[in-house]
Amino acid sequence: QVQLVESGGGLVQPGGSLRLSCAASGSIFSRYTMGWYRQAPGKQRELVATKTNIASGGRTNYADSVKGRFTISRDNAKNTVYLPMNSLKPEDTAVYYCNGPGSSGTYYFPWGQGTQVTVSS
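Residues numbered from 1 in each chain as written. Predicted model: local features only at pLDDT ≥ 70, side-chain atom pairs only at ≥ 80, totals over all residues. Heavy atoms only, no water.

Draft legend 1. Region of interest: the sheet that holds strand β1 (residues 4-7). Taken in spatial order, the four strands line up as β1-β3-β8-β7 in an open sheet, and their pairing is antiparallel. Only two strands of the sheet have a single neighbouring strand rather than two, namely β1 and β7 (73-75). Averaged over all neighbouring strand pairs, the angle between strand axes comes to 20°, with direction disregarded. (Pairing = 2+ DSSP bridges. Helix = DSSP H or I, 4+ residues; strand = E, 2+ residues; numbered from the N terminus. Axes fitted to C-alpha atoms, helices over the stretch in contact; angles between N-to-C directions.)

Right under this line is the structure:
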């Protein structure tokens, strides 16, 4: 079974940058669209960005709130998805997770532990 391990979070000042990583075990990673999600305290988990597999053209999709600041990328050879984040804002504070979105709100893999991002001065 694929396991997802997120890392790279931390405390950063507004305007700062972080780069998140999500390592997936298993060799089937490259077949799936992968995405980043986040959940702030008291709020539902929300989509941040997705990137389709190569067969689907590697298309990206971003939440409006992060467009122009975050960039999703993937290295299928390393089974890893990245999320460089620039110009961070306090409202970006959340636990960030990765997963493969399926249909009708389902996800392909068990959720990992996430990585905490805190943007504060």
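Draft legend 2. Fine view of the pairing of strand β9 (residues 94-99). Counting buried residues along β9, six of its six residues qualify, which places the element largely inside the surrounding structure. As defined by bridge partners, strand β4 (residues 34-39) adjoins β9 across five bridges and the pair is classed as antiparallel. Each residue of the ladder has a partner; that of R38, found in β9, is Y96. Taken together, the three bridges between β9 and strand β10 (residues 115-119) define a ladder with antiparallel strand orientation. Along β10, the bridge assignment pairs V95 with Q116. (Buried < 20%, exposed > 50% of the residue type's maximum accessible area, 1.4 Å probe, protein only.)

Draft legend 3. Inspection of the environment of Q44 at higher detail. Residue placement: Q44 occurs in the loop between β4 and β5 (46-51). For Q44, a relative accessible area of 70% puts it in the exposed group. For the pair Q44 and S104, spaced 60 residues apart in sequence, the C-alpha to C-alpha distance is 16 Å. If we skip the residues at most four places from it in the chain, Q44 touches R38 and Q39. (Contact = heavy atoms within 4.5 Å.)

Draft legend 4. Examining the state of the cysteines more closely. Counting across every chain of the model gives one disulfide. A sulfur-sulfur separation of 1.7 Å characterises the disulfide bridge that pairs C22 with C98. Linking C22 in strand β3 (residues 18-24) with C98 in strand β9, this pair joins segments that are 76 residues apart in sequence. (Disulfide = S-S within 2.5 Å.)

Draft legend 5. Seen up close, the sheet that holds strand β6 (residues 60-62). Here six strands make up an open sheet; going across it, the order is β2-β10-β9-β4-β5-β6 and the pairing mixed. Two strands in the sheet have a free side with no partner beyond their single neighbour: β2 (10-12) and β6. In this sheet, adjacent strand axes meet at a mean angle of 20° when their direction is disregarded.

Draft legend 6. View of the pattern of salt bridges. Enumeration over the complete set of coordinates arrives at four salt bridges. When the shortest N-O distance is used, the salt bridge between D64 and K67 registers 3.1 Å. Salt-bridge contacts for R69 lead to D92; the nearest nitrogen and oxygen are separated by 2.7 Å. Placement of R69 in the loop between β6 and β7 and of D92 in the loop between β8 (80-85) and β9 is noted, with a sequence separation of 23 residues between them. For R69, a relative accessible area of 9% puts it in the buried group. A cluster of three or more residues bridged by salt bridges with shared partners is formed by R38, E46, R69 and D92. (Salt bridge = Lys/Arg side-chain N within 4 Å of Asp/Glu carboxyl O.)

Shape descriptors only; they carry no functional weight alone.
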